[in-house]
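# Commentary on secondary and tertiary structure
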Amino acid sequence: MSVSVGSKPVSPSPALVVLAAGMGSRYGGLKQVDPVGPSGEIIIDYSIYDALKAGFRKVVFVIRRDIESDFRAAIGSRYEGICDVRYVFQELDTLPGGFSVPEDRRKPWGTGHAALVAAAAVNEPFAVINADDFYGRRAFQSLAEFLRTTSADSADIALVGFILRNTLSRHGTVSRGVCERSSAGTLEKITELTSIGFDGEKIISTDDSGQRSELTGHELVSMNMWGFTPVFFDHLARRFSAFLDRFGQELTSEFYLPAAVDHMIQTKQAQVTILRSDDQWYGVTNRADKAHVMAGLQALIDAGVYHSPLKPM
């Protein structure tokens, strides 16, 4: 429920939903999560630090039950006592009534499902981020401001759009969702480009047929940093059931968060505000990216943006 300051609605302090169910799988166990900060910090530490600075007061980790003990010890325990920390579990059998898991399915149900299980711990406006992406302080500040000034019973959504050039790797190609804007500046659709990389100083996208096209590098892209109100969970649940009706017996199908948002846009159930960020995004897409990430974070420390060691609020 929102309150008002003057004529402007102000919602409760927002929550941060961190999609971390895949961490153990990607890193071969949480003990192998690579530090990127000079005092052993991992990327998620910087995201939570920035979120707390921006006014987020609850952190909800979406994890798997089999990594719960290791995750709490290695990561969650750092923030318990500093903010409201919750854990929810993305499991294959966390399904609506009437649906079952195909016998040989092992693949998770996707980012839409991961966000949906957070409904058990979230009743305020909330942000969704990936655990292993560095987004930058200003991205959290702009998203927190949007969430604080959006009524909790509104269907309005925010997406932080990053400049394409600031999200690329020099060590291989990446997939990015390019934002297409309406004449009003809101999100009209996201076009997924699956192979984007540098060719010298040119930025080239190659499609499945091998056709190459040049991008400017100034396009806004989604890095899966969203802002929602609790109203979104109802829509997400309906879309997940529709997805299961159609694809639920497949072994590798995934229910993606952007697809659920796109359905709301196309059916005119929501307006999506694009919050532009000029910050450098960092992530270890390829193994050789780690040195670049470490150098970038060290530069931010040298500039006084972060301390080392990084201490939670």
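Residues numbered from 1 in each chain as written. Predicted model: local features only at pLDDT ≥ 70, side-chain atom pairs only at ≥ 80, totals over all residues. Heavy atoms only, no water.

When you go through the protein residue by residue, the secondary structure sums to 8 helices and 15 strands. Structurally, the protein occupies a C-alpha span of about 50 × 50 × 50 Å along its principal axes. A total of 313 residues make up the protein; the buried ones form 50% of that total. By sequence separation, contacts in the protein at least 24 residues apart represent 76% of the contacts at least 6 residues apart. For the protein, the accessible surface area stands at approximately 14,500 Å², while carbon and sulfur atoms represent 48% of it. Taking the average location of the 32 positive side-chain charges in the protein and that of its 37 negative ones, the two points are 3 Å from each other. (Helix = DSSP H or I, 4+ residues; strand = E, 2+ residues; numbered from the N terminus. Buried < 20%, exposed > 50% of the residue type's maximum accessible area, 1.4 Å probe, protein only. Contact = heavy atoms within 4.5 Å. Areas by Shrake-Rupley, 256 points an atom, 1.4 Å probe, with all protein chains shown as cover. Lys, Arg positive; Asp, Glu negative; His and termini not counted. Charge placed at Lys NZ, Arg CZ, Asp CG, Glu CD.)

Bringing the pairing of strand β12 (residues 212-215) into the picture now. The pairing of strand β11 (residues 202-206) with β12 spans 4 bridges and is antiparallel. Each bridged residue has a counterpart across the sheet, and for Ser-205 the counterpart in β12 is Ser-213. (Pairing = 2+ DSSP bridges.)

Over its 14 residues, helix α8 (residues 289-302) extends 20 Å from the first C-alpha to the last, a length consistent with the 20 Å expected when each residue adds 1.5 Å. Every buried residue belonging to α8 is among Asp-289, Val-293, Gly-296, Leu-297 and Ile-301, and all of these are buried. Down the axis of α8, the sector holding all buried residues measures 145 degrees, keeping them to one side. In α8, the exposed residues that point more than 90 degrees away from the buried face are Ala-291 and Asp-302. (Expected span 1.5 Å × (residues − 1). Arc of directions from axis to C-beta.)

Further remarks concern unusual backbone geometry. Glycine aside, the phi torsion of most residues is negative, and most peptide linkages are trans. For the peptide bond that leads from Ser-308 to Pro-309, omega is 5 degrees, which places it in the cis range. Positionally, Pro-309 belongs in the segment after α8. Residue Asn-224 is not a glycine yet carries a positive backbone phi of 65 degrees. Notably, Lys-268 is not glycine yet its phi reads approximately 60 degrees, a positive angle. With respect to the secondary-structure elements, Lys-268 resides in the loop between α7 (257-266) and β14 (272-277).

A separate point is the pairing of strand β6 (residues 126-130). Most of β6 is tucked away: 5 of the 5 residues are buried. Neither face of β6 is open: one carries Phe-126, Val-128 and Asn-130, the other Ala-127 and Ile-129, and all of them are buried.

Time to look at the side chain of Glu-219. Position of Glu-219 relative to the elements: it lies in the loop between β12 and β13 (220-228). The side chain of Glu-219 sits in the buried core without any salt bridge; Arg-165 is the nearest counter-charge, 7.9 Å away. Side-chain polar atoms of Glu-219 contact the backbone nitrogen of Thr-216, separated by 2.9 Å. Within polar-contact distance, the side chain of Glu-219 engages the backbone nitrogen of Gly-217 at 2.8 Å. Setting aside chain neighbours within four positions, we find Glu-219 in contact with Phe-162, Ile-163, Leu-164 and Val-178. (Salt bridge = Lys/Arg side-chain N within 4 Å of Asp/Glu carboxyl O. Polar contact = N/O pair within 3.5 Å; in protein donor to acceptor, adjacent residues only side chain to side chain.)

Looking now at helix α2 (residues 43-54). With 12 residues, α2 should cover 16 Å at 1.5 Å per step; its first-to-last C-alpha distance of 17 Å lies within 8% of that length. Burial of α2 is extensive: 11 of the 12 residues sit out of reach of the surface. Residues Ile-43, Ile-44, Asp-45, Tyr-46, Ser-47, Ile-48, Tyr-49, Asp-50, Ala-51, Leu-52 and Ala-54 constitute the buried set of α2. Just past α2, the residue Gly-55 takes up positive phi, approximately 115 degrees.

This next bit is on the packing of aromatic side chains. A complete count under the given rule lists 21 aromatic pairs for this structure. Measuring from ring centre to ring centre gives 6.2 Å for Tyr-46 and Phe-134, while their planes differ by 75 degrees; the resulting arrangement is edge-to-face. Pair noted here: Tyr-46 is in helix α2 and Phe-134 is in strand β7 (residues 133-134), with a separation of 88 residues, a long-range link. Both residues of the pair, Tyr-46 and Phe-134, belong to the buried class. Clustering of aromatic rings is evident, with ring pairs tying together Tyr-46, Tyr-49, Phe-134, Tyr-282 and Tyr-306. The ring of Phe-89 carries the charged tip of Arg-65 above its face, separated from the ring centre by 4.0 Å. We note Arg-170 situated over the ring of Phe-198; from NZ or CZ to the ring centre the distance is 3.7 Å. (Phe/Tyr/Trp six-rings, centres within 6.5 Å; stacked < 30°, edge-to-face > 60°. Lys NZ or Arg CZ within 6 Å of the ring centre and 35° of its normal.)

Structural measurements only, silent on function.
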